[in-house]
Amino acid sequence: MIELKDMIGIIYEALKNNPTIASLTKTANGGYRIKKYDYPETSDQSRTFILIQPLAPPISGNSASDIDMQIEFTFQIAVESPDRKEAKLVQHEIKEEMQKLNYGQMTDGLDEYFETTGHFVDARRYRGNTNLYDTNY
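Below you will find a few notes about this structure. Predicted model, so just to flag it, every value in this text is computed and none were measured.

Conventions adopted
Residues numbered from 1 in each chain as written. Predicted model: local features only at pLDDT ≥ 70, side-chain atom pairs only at ≥ 80, totals over all residues. Heavy atoms only, no water. Salt bridge = Lys/Arg side-chain N within 4 Å of Asp/Glu carboxyl O. Helix = DSSP H or I, 4+ residues; strand = E, 2+ residues; numbered from the N terminus. Pairing = 2+ DSSP bridges. Buried < 20%, exposed > 50% of the residue type's maximum accessible area, 1.4 Å probe, protein only. Polar contact = N/O pair within 3.5 Å; in protein donor to acceptor, adjacent residues only side chain to side chain. Contact = heavy atoms within 4.5 Å.

Regarding the pattern of salt bridges
Moving on, step 1. A full pass over the atoms with the stated rule returns 8 salt bridges.
Moving on, step 2. Taking the shortest distance from any N to any O, the salt bridge between Lys100 and Glu97 comes out at 3.3 Å. Here Lys100 and its partner Glu97 are both found in helix H3 (residues 84-100), 3 residues apart, which amounts to about one turn of the helix.
Moving on, step 3. The closest approach of N and O atoms between Asp108 and Arg125, which form a salt bridge, is 3.2 Å.

Focus on the pairing of strand S2 (residues 49-54)
Moving on, step 1. Summarising the sheet, strand S1 (residues 34-36) and S2 pair through 3 bridges and their orientation is parallel. Paired with Lys35 across the strands is Leu51, a residue of S2.
Moving on, step 2. Bridge analysis of S2 against strand S4 (residues 67-81) gives 6 bridges, and the strand direction is antiparallel. Paired with Leu51 across the two strands is Ala78, which belongs to S4.

Quick look at the side chain of Gln76
Moving on, step 1. Mapped onto the elements, Gln76 comes out in strand S4.
Moving on, step 2. Among the residues examined, Gln76 registers a relative accessible area of 14% and is labelled buried.
Moving on, step 3. In terms of polar contacts, Gln76 uses its side chain to reach the side chain of Arg125, at 2.8 Å.
Moving on, step 4. The residues contacting Gln76, other than those within four sequence positions of it, are Leu51, Ile52, Gln53, Leu55, Ala123, Arg124 and Arg125.

Now the structure itself:
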């Protein structure tokens, strides 16, 4: 049986291992306010939190002779915070971590204040390919 890698898990680990992101999202019980796919309404939303969402299934990034050579992923990473500058700082650190994973920021996203939640939301989209021959996803 082939062991598949988990790209969303790789991104999650990179973000929680970043000292700035960790310090701003760590919870009292040692967890992190970084979630995949959905941020439950019962979770702490009083402070900065991050949501990582795939925007599409992985696709072949490059291929040769009908064999995948790379896999392409597209993710949206949203930061919500009652503090605008903190949201921007966290997104800056996310961008740095995503660049280390060979992702580039796309042109669309969201940068708004939601009065109903009292949160600034900075959501950015990233697309990237795995390294050559790294296709077990």
